[in-house]
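Here is how the chains run, residue by residue.
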Amino acid sequence: MTYDLIVIGTGPGGYVCAIRAAQLGLKVAVVEKRKAFGGTCLNVGCIPSKALLHASELFDEAGHAFAKMGIKVGKPALDLKTMMAFKQEAIDGNVKGIEFLLKKNKIDSFHGLGTILAPGRVQVTAEDGATQVLEAAAIVIATGSDVAQLPGIAIDETRIVSSTGALALDHVPGKLVVVGAGVIGLELGSVWRRLGAEVTVVEFLDRILPGMDSEVCRQFQRILERQGFTFRLGSKVSAIDTSGKQLSLTVEPAAGGEASKIEADVVLVAIGRVPFTAGLGLEAVGVALDQKGRVVVDEHYATTVPGIYAIGDVIAGPMLAHKAEEEGVAVAELLAGRAGHVNYAVIPGVLYTAPEVATVGRTEDGLKKDGIAYKVGKFPFTANGRAKANQQTEGFVKILADAATDRVLGVHIIGSDAGNMIAEAAIAMEFGASAEDIARTCHAHPTLPEAVKEAALAVDKRALHI
Ligand code: FAD
Ligand code: NAI
């Protein structure tokens, strides 16, 4: 069968690329090795983790926050099986949505492992071993990423788990040790802490969330500690003894020194993700990978082999669903002869904990390092009327603006609903707004985004409510 485009992988990068290409009139096929469409994000990533974060947050609030609002529910009891079914319903609903969209856009779908035989030729090997070859003018690799392994430590997805196992535990572990204080560790650590686990996070670096604004990280670490998290920073897990009833972890200072032991019922390994290219046959066709195993692409997502493109987690850049989607749209538009483009300076990142942490653009650390003169405007949620009414006053909005031009360079928020609030900052930055532009925009009262406006006013030292 012959197509204009074959997309390998139906995660947020792949399925969005296929839809956009079909909208632009291309004849498109997708190849997916999983039974379900949607990739990591829908099946074992964004969607199931957010379903469990939502359910566990309400469970936690029912235990702690309801009574003071005059809502008496007694001590909440956990039915983990039903909570997992709630999560599965979220996955199934979203996967069905993708199936519908692929059909609606007349995209042919093939289930099986996609292997590139040559430019323009993709072999699909079904689960039963049957093969067929598809042909197309262009191929987009959107095969995503996989869990990074800790050397010498085998993930069994029962006691030593990756995010995939941590999304499907059949009991609440008494003691959960998380290796890696990144997004997965803190989100899934939050889920299990709220459901009753004692959570210790072992992090190699001397800070949590590397890459985020360090002031935000320091405050957020204190918030998590108040919630009951224990952090062992500057430490690494060098071995796990699985012979006893409890796991025994050997933890060493990252800089070297005396090792100590920690016991755990479950260990979550969350030390990052690696690009996934196994089975694609890239070496045989000559598609180059970089030192980290990512597919090398130019600014038009073209690999080193003409007619083969790549997007999403399998190429460089933040491993985020919305980044993969934007690249999917951009490459589809380029293939259809249009001008596809992604603005990498404005890719928001959100940590869906409680409170949430959301960030877009430059960090203060980065601006200092690059010697860029900047102004800071900060506004705490303790001074925001709506946050006070909700009694959710943790966190702040921090806006970084260019000292000379006032252009917004970065926005960082800790706070309930920070993930929704960051969209305003992203739009402002996309339009090249100044802090003054945000400050002069009327924000509805009483809302949490008024704190964004106040932080913009604070850039010019004229916040009104502090
Ligand atoms: P993927 O979603 O990984 O999809 C790749 C697809 O390709 C898979 O379905 C795979 O089966 C298929 N495939 C691979 N090889 C082949 C082959 N040879 N033939 C056929 N099919 C193949 N990001 C966010 O933005 N927000 C979040 O809240 C968020 N939460 C996350 C939570 C967790 C626990 C995890 C693990 C990740 C999370 N992410 C989140 C990251 C997000 O899931 C990824 O950035 C995103 O899925 C990448 O999309 P992609 O299309 O590049 O690849
Ligand atoms: P991460 O890169 O966010 O964090 C990994 C952490 O592990 C880092 O702090 C790192 O210093 C630490 N680490 C590395 N090796 C270590 C070792 N040997 N011992 C102790 N600590 C070690 O990776 P994570 O959390 O696994 O997430 C993977 C990807 O998934 C991220 O890139 C993220 O983009 C994506 N994701 C996004 C989410 C979101 O947007 N809300 C949610 C979950 C995942």
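Rules behind the numbers
Residues numbered from 1 in each chain as written. Chains lettered and ligands numbered in written order. Predicted model: local features only at pLDDT ≥ 70, side-chain atom pairs only at ≥ 80, totals over all residues. Heavy atoms only, no water. Pairing = 2+ DSSP bridges. Helix = DSSP H or I, 4+ residues; strand = E, 2+ residues; numbered from the N terminus. Contact = heavy atoms within 4.5 Å. Axes fitted to C-alpha atoms, helices over the stretch in contact; angles between N-to-C directions. Near = heavy atom within 4 Å. Polar contact = N/O pair within 3.5 Å; in protein donor to acceptor, adjacent residues only side chain to side chain. Areas by Shrake-Rupley, 256 points an atom, 1.4 Å probe, with all protein chains shown as cover. Patch = residues over 30% accessible without salt bridge, like charges linked within 9 Å, V, L, I, M, F, W, Y side chains within 5 Å. Salt bridge = Lys/Arg side-chain N within 4 Å of Asp/Glu carboxyl O. Buried < 20%, exposed > 50% of the residue type's maximum accessible area, 1.4 Å probe, protein only. Core = buried A, V, L, I, M, F, W, Y, C linked by side-chain atoms within 4.5 Å. UniProt positions renumbered as here; feature names shortened; annotations may be inferred. Disulfide = S-S within 2.5 Å.

A.B. asks: Go over the sheet that holds strand S9 (residues 175–179) with me, naming the residues and quoting the values.
C.D. replies: Think of a sheet as strands paired side by side through backbone hydrogen bonds, with each pair either parallel or antiparallel. Strand order in this open sheet of 5 strands is S8-S15-S9-S10-S11, and the pairing throughout is parallel. Bordering the open sheet on either side are strand S8 (160–161) and strand S11 (230–232), each of which pairs with just one other strand. Each of S9, strand S10 (198–202), S11 and strand S15 (266–269) touches helix H6 (residues 183–194); the most contacted strand, S9, lies at about 175 degrees to it.

A.B. asks: Account for the site of ligand 1, with residues named and values stated.
C.D. replies: Taken together, 39 residues form the shell around ligand 1, and within it Glu-32, Thr-40, Lys-50, Gly-114 and Ala-321 come nearest. Contacts to ligand 1 include Glu-32, whose side-chain N or O atom sits 2.6 Å from an oxygen atom. Summarising the interface, the protein chains cover 95% of the accessible area of ligand 1, which totals 990 Å² for the free molecule. Mapped onto the shell around ligand 1, the elements with two or more residues apiece are helix H1 (12–23), strand S2 (28–32), helix H2 (39–44), helix H3 (46–64), strand S4 (113–118) and helix H9 (321–335). In terms of residues, the shell around ligand 1 owes the most to one element, H2, which gives 4 residues.

A.B. asks: Go over a nonpolar patch on the surface, please, and point to the residues and values.
C.D. replies: A grouping of Met-69, Ile-71 and Val-73 is seen on the molecular surface, where their side chains present a nonpolar patch of about 280 Å² in accessible area. Relative to the helices and strands, Ile-71 resides in the loop between H3 and helix H4 (80–104). A residue is classified by how much of its surface remains accessible, and Ile-71, at 37% relative accessible area, is partly exposed.

A.B. asks: Provide a residue-level description of the nonpolar core, including the pertinent values.
C.D. replies: Residues Leu-5, Ile-6, Val-7 and Val-28 are the most contacted members of the largest nonpolar core, which totals 55 residues. Among the elements that make up this core, the one with the highest residue count is H1 (7 residues). Not counting residues up to four positions away in its chain, the partners in contact with Leu-5 are Cys-17, Ala-21, Leu-26, Lys-27, Val-28, Ala-29, Ala-136, Ala-138, Ile-139, Val-140 and Leu-335. In terms of nonpolar packing, the next biggest core, distinct from the first, is built from 39 residues, Met-84, Leu-176, Leu-351 and Ile-414 among them.

A.B. asks: Before we move on, could you go through the UniProt feature "active site" (unreviewed entry) in the chain and cite the residues and values that matter?
C.D. replies: In the UniProt entry, the feature "active site" (unreviewed entry) is given for His-445. Structurally, His-445 can be placed in the loop between helix H13 (435–439) and helix H14 (450–459). A polar atom in the side chain of His-445 sits 2.9 Å from the side chain of Glu-450.

A.B. asks: Can you break down the state of the cysteines residue by residue, with the values?
C.D. replies: Using the criterion set out here, one finds 1 disulfide in the structure. Cysteine Cys-17 shares no disulfide, and the gap to the nearest cysteine sulfur, in Cys-41, comes to 16 Å. Given the relative accessible area of 0%, Cys-17 is considered buried.

A.B. asks: Help me get a handle on the sheet that holds strand S18 (residues 349–351), residues and values and all.
C.D. replies: An order of S18-S19-S22-S21-S20 is seen for the 5 strands of this open sheet, with the pairing classed as antiparallel. For this open sheet the edge positions go to S18 and strand S20 (374–380), each flanked by a neighbour on one side alone. Across the sheet, the mean angle from the axis of one strand to that of its neighbour is 10 degrees, orientation sign disregarded. Here strand S19 (residues 356–361) runs beside strand S22 (residues 408–415); their pairing, made up of 6 bridges, is antiparallel. Bridged to Val-357 within S22 is Ile-414. Here helix H7 (residues 214–227) sits on the sheet in contact with S18, S19, S20, strand S21 (396–402) and S22, set at roughly 5 degrees to S22.

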